[in-house]
Amino acid sequence: KGEATDFAGVALDRFLGLVAALDETGKLHVFQQHIRVGAFDMGLTLGDDTRAHITISRGGGSIFISDSRQMILTDSSGEARHKAVLNYYVRLMACSPNGRYVVTCDMDIGVIRVYDGTNLTPTHQRFAIELMAKATQVQLIADMPPNFIAPSALTVNDNGTIAFAMSGVICVTDLSQMDALPRPQT
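Since we're looking at a predicted model, the values are computed, not measured. In this convention, every chain numbers its residues from 1, walking through the sequence in written order. Where totals are concerned, whole chains, interfaces and linings use all residues; where local detail is concerned, this predicted model gives features only for residues with pLDDT of at least 70, and gives and counts side-chain atom pairs only at 80 or more. Values reported for side chains reflect all heavy atoms of the structure, with hydrogen atoms and water molecules removed beforehand.

Chemist: Account for the pattern of salt bridges, naming residues and giving values.
Modeler: The salt bridge definition used is simple: a Lys or Arg side-chain nitrogen within 4 Å of an Asp or Glu carboxyl oxygen. Evaluated as defined, the whole model comprises 3 salt bridges. The residue Glu-130 makes a salt bridge to Arg-126 at a minimum N-O spacing of 2.9 Å. Each residue is assigned to one of three classes by its accessible area relative to the maximum for its type, calculated with a 1.4 Å probe on protein chains only: buried under 20%, partly exposed between the two thresholds, exposed over 50%. With a relative accessible area of 17%, Arg-126 lands in the buried category.

Here you go:
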């Protein structure tokens, strides 16, 4: 009764067996193995021009969700800890296993952006094609991917190493290759 029938995005924490899922209405559902923890209205709006994104840190301490226009940091209790309104549409989203980094790629121009996973402050960004052009080639690439191709896969580890794929070419880079963003003054 009142259960979601269609999930738009699902993430699994293999360490504790925590499952987090976004339904088609933008509601977050959390399960601890086979036990339903709860369903939480996160204020997300999923529509024809948006896409659900959800990723979870190891141990389930941080759950990052997005409706493509905003990103929310929550936990298994469904309490939103931080929210960021984005000026782009999210194509891909990933978080590091420890939740320190959240990485996104936009739908339009292929910019990879890195956020602090504790407060969703943007820290680094760079065009994916620039990162690929700057990376050391381990194998000869016949042709670089076209400039208009957006990444199709994205991941980040606990040390800030980022891997992504474009047109079948895989690039591994790190934060030192990206542009650091100025810190907001408070």
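Now that the structure is up, let's keep going.
Chemist: Give me the lowdown on the sheet that holds strand S14 (residues 161-166), citing residues and values where you can.
Modeler: By way of backbone hydrogen bonds, the strands of a sheet pair with one another, either parallel or antiparallel. By this definition, two strands are paired if DSSP reports at least two bridges between them. Put simply, DSSP marks the helices as runs of H or I at least four residues long and the strands as runs of E at least two long, and each gets a number from the N terminus on. Taken together, the 3 strands give an open sheet; going across it, the order is S13-S14-S15, and neighbouring strands pair in antiparallel fashion. Among the strands making up the open sheet, the edge pair consists of strand S13 (153-156) and strand S15 (169-174). Across the sheet, the mean angle from the axis of one strand to that of its neighbour is 15°, orientation sign disregarded. Between N-to-C directions, angles span 0 to 180 degrees; the directions come from axes that are lines fitted to C-alpha atoms, helices contributing only their stretch in contact.

Chemist: Give me the sheet that holds strand S10 (residues 101-106): which residues, what numbers.
Modeler: The strand order S9-S10-S11-S12-S16 describes an open sheet built from 5 strands, whose pairing is antiparallel. Where the open sheet ends on each side, the last strands, each with one partner, are strand S9 (90-95) and strand S16 (179-180). As paired elements, S10 and strand S11 (residues 111-116) share 5 bridges and run antiparallel to each other. Considered in S11, the bridge of Val-103 is made with Val-114.

So yeah, pure geometry; function would need other evidence.
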